[in-house]
Amino acid sequence: MIYSLTGKIIKKTLNAVVIRCGGVGYYAQCPASVAGALPGVGNEATIYTVMNVTENDVSLYGFASEEQQACFELLTSVSGVGAKVGLAILSVMEPDRVALAISAGDHKAFKAASGVGPKLAQRIVLELKDKVAKGFAAGIDLENVAGAASDTAAAQGAGQAIAALVSLGYSQSEAALAVSKIDGTLPVEEIIKLALRSMAGRR
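Residues numbered from 1 in each chain as written. Predicted model: local features only at pLDDT ≥ 70, side-chain atom pairs only at ≥ 80, totals over all residues. Heavy atoms only, no water.

*Asks:* Sorry, what's going on with helix 4 (residues 95-103) here?
*Replies:* Counting along an α-helix, one turn takes 3.6 residues, and residues three or four places apart therefore face a common direction. Here helix 4 has its buried residues at Pro-95, Val-98, Ala-99, Leu-100, Ala-101 and Ile-102. Just beyond helix 4, the residue with positive phi is Gly-105, at close to 70°. (Buried < 20%, exposed > 50% of the residue type's maximum accessible area, 1.4 Å probe, protein only. Helix = DSSP H or I, 4+ residues; strand = E, 2+ residues; numbered from the N terminus.)

In structure tokens, the structure reads:
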């Protein structure tokens, strides 16, 4: 399997990149978000890849980070999620957002991706929840997101803040991500205020 490629980008479109390595141009399909993350044509870059070999086809998929690469492999392990859908999800969601949506049970977040209906979105959350809980999202302590793991005062305050933000129209994963970056020992009102401020800056 080709794990990664480093070379000069000779072509780049919204959903694919061609990278020349050792005189060979490798064509890799990629999420729309990857094109923007990579340098322009003529520059050297590294992409992390997943190769899919079938009886009639050999396809290469490219990503800007190892986290995206791992997330793609995780998503496509779900029944009904093929490469096209996996790329579509990663075109609209970063890996940390995918992990938070799964851990929070926010299946609606996946419906933003082309080709993902309500049933498939629910299946993604159902089939991957245990895997995500075991630490798929590096750098995010999922057990402390959405008040999922403990009954401490801090966790209870975070849970109340997330519920309040959801009632204001934010998705559960958006609220959980914002609250996870704030000191849980603060008063609930202060947590909500700081979370609203951070999310307003991202929109």
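And the narrative resumes.
*Asks:* Help me understand the packing of aromatic side chains, please; the structure alone is not making it clear to me.
*Replies:* Two aromatic rings, taken as a pair, are described by how far apart their centres are and by the angle between their planes. Per the counting criterion, the structure on display carries 3 aromatic pairs. Arranged with centres 6.2 Å apart and planes meeting at 80°, the rings of Tyr-3 and Tyr-48 form a pair that is edge-to-face. Within this pair, whereas Tyr-3 is found in the segment before strand 1 (4-13), its partner Tyr-48 is found in strand 4 (residues 44-53), the two being separated by 45 residues in sequence. With a centroid separation of 4.9 Å and an interplanar angle of 40°, the aromatic rings of Phe-63 and Phe-72 are classed as tilted. The class of Phe-72 is buried, set by a relative accessible area of 2%. Here the aromatic cluster, defined as three or more aromatic residues joined through ring pairs, consists of Tyr-61, Phe-63 and Phe-72. (Phe/Tyr/Trp six-rings, centres within 6.5 Å; stacked < 30°, edge-to-face > 60°.)

*Asks:* Help me out: how do you make sense of the UniProt feature "domain: Helix-hairpin-helix DNA-binding motif class" (unreviewed entry) in the protein in this one?
*Replies:* The sites that UniProt annotates as "domain: Helix-hairpin-helix DNA-binding motif class" (unreviewed entry) are residues 73-92 and 108-127. Helix makes up 65% of residues 73-92 and strand 0%. Its end C-alpha atoms lie 16 Å apart. Secondary structure across residues 108-127 divides into 50% helix and 0% strand, with the first and last C-alpha atoms of the span separated by 15 Å. (UniProt positions renumbered as here; feature names shortened; annotations may be inferred.)

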